[in-house]
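Structural characterization, general
Listed here are the chains, written in short residue letters.
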Amino acid sequence: RRGHTEPFDVTLIRAEIPIDSVEKAMLPDRIGYIQISSFTGRTSEEFRNALTELLNAKEGGMKSLILDLRDDPGGLLDAAKYVADAFLSEGIIVSTKGRQRRFDQEYPADRYLLCPPEVSLIVLVNEYSASGSEIVAGVIKDSKRGILLGTKTFGKGVVQQRFPLDSGGGAVSLTISTYYTPSGVSINETGITPDIVVEPAKLETAEATMRQEMRVGKYVNDFVEKWIEDEEKRIGKTPKDFSQLELKLPELMKTLAEKDIAIEPELVKIDARRIFNANVGIYQLIDLDHDNQLQEAIKVIKSGEVEKILASTKAESSLQ
């Protein structure tokens, strides 16, 4: 604990700690938001529950959905297939093709729709969206069920299989086939280009750089933690309002300037908020102030551009 110097006993209980792969939120204007961090053995159930809760929300079910697959490295094929299948009632979700035909396989969609077709869909992707997330993004784009927004995906789409050695002394993993989207495009080393390309905000890139600068991070961390400790002593409880700390940030900027550290105040504010939230137990799933890709997705939904873009791509497909 911060500021505690006396020794104390801690009892540890051995237990399995499940890590959620799916998180959800309801944004204004009945826009649902679901983030999938990876495709695990729990993803299918978690996704179904999240989607059902957003559709049946007491304040009014969602009319649109933003599915966030940014930074999702993939995982289990069955889980990715389940998520994609929630939006489709026919067609092929993904196929595999290898040098030997026995490794060729198709994964068709089931008839049952978990998400109604009238719910407009935007899928957020970036250069770290890979494998399973690219399978979902690829079929959503090819089927014209929704649109992709963000940056080009990673491009990881190979199937590997373990073959036991004849000697019985182990096994070897070999690439046997490659994933293809319904339109026949190979995912591997190609990636998927979004319908709307939106680069991440420069602040996000600069923030990542700042976090690597231990010199800056130490000053911000020490300043925030000391302020929290002082507030706890003053008011007798843990502060939860970041705006009060924000008023004190000019003092931190003055300290940084004295140490010949030149950095934008907005970046210091971002990192200070992150440290503040971590210390007072606040978890922030969405940062609408600085996530310009999410901001753009919301803007596209509100303007009705999803339907216009889908209609345009369908018209182009019919002419080809």
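As a reminder, the structure under discussion sits directly above these lines.
Sequence order as written defines the numbering, with residues in each chain counted from 1. Restriction of local features to residues with pLDDT of at least 70 applies here, the model being predicted, together with a cutoff of 80 or more for giving and counting side-chain atom pairs; totals for whole chains, interfaces and linings are based on all residues. Each side-chain value is derived from all of the structure's non-hydrogen atoms; neither hydrogens nor water enter the calculation.

Ranked by internal contacts, the top residues of the largest apolar core, which has 42 residues, are Ile34, Phe47, Leu67 and Phe87. The numbering of helices and of strands both runs from the N terminus, where a helix is a DSSP run of H or I of at least 4 residues and a strand a run of E of at least 2. Only strand S2 (31–36), helix H1 (43–55), strand S3 (64–68), helix H2 (77–85), strand S4 (92–98), strand S6 (120–125), helix H3 (132–142) and strand S9 (171–180) provide two or more residues apiece to this core. Nonpolar cores were defined as sets of buried Ala, Val, Leu, Ile, Met, Phe, Trp, Tyr and Cys residues, with membership established by side-chain atoms within 4.5 Å. Each residue is assigned to one of three classes by its accessible area relative to the maximum for its type, calculated with a 1.4 Å probe on protein chains only: buried under 20%, partly exposed between the two thresholds, exposed over 50%. Grouped together as the second largest cluster of nonpolar side chains are 21 residues, Val220, Met253, Ile263 and Val280 included.

In this section: the pattern of salt bridges. Counted as salt bridges are all cases of a side-chain nitrogen of Lys or Arg within 4 Å of a carboxyl oxygen of Asp or Glu. A complete count under the given rule lists 14 salt bridges for this structure. A single network of salt bridges, built from pairs that share partners, joins Asp20, Arg42 and Glu46.

The next point concerns the sheet that holds S4. Two strands pair if DSSP finds at least two bridges between them. Taken in spatial order, the 4 strands line up as S5-S4-S9-S8 in an open sheet, and their pairing is antiparallel. Each edge of the sheet is formed by a strand with only one pairing partner; in this case those strands are strand S5 (105–108) and strand S8 (158–164). Adjacent strand axes in the sheet meet at a mean angle of 30°, parallel and antiparallel pairs treated alike. Across 4 bridges, S4 lies against S5 in antiparallel orientation. Note on S5: the bridge partner recorded for Thr96 is Gln105. Its contacts with the sheet put H2 on S4, S5 and S9, and the angle it makes with S4 is roughly 145°. With axes taken as lines fitted to C-alpha atoms, and helix axes fitted only over the stretch in contact, angles between N-to-C directions fall between 0 and 180 degrees. By definition, residues are in contact when any of their heavy atoms lie within 4.5 Å.

Take a nonpolar patch on the surface next. Within the patch definition used here, like charges are joined within 9 Å and nonpolar side chains (Val, Leu, Ile, Met, Phe, Trp, Tyr) within 5 Å, considering only residues with over 30% relative accessible area and no salt bridge. Surface accessibility in these figures is a Shrake-Rupley result with a 1.4 Å probe; residues are shielded only by whichever protein chains are displayed. Together, Leu165, Val172 and Leu174 line one region of the surface with nonpolar side chains, adding up to about 220 Å² of accessible area. Mapping Leu174 onto the fold places it in strand S9. When its relative accessible area of 41% is taken as the criterion, Leu174 is described as partly exposed.

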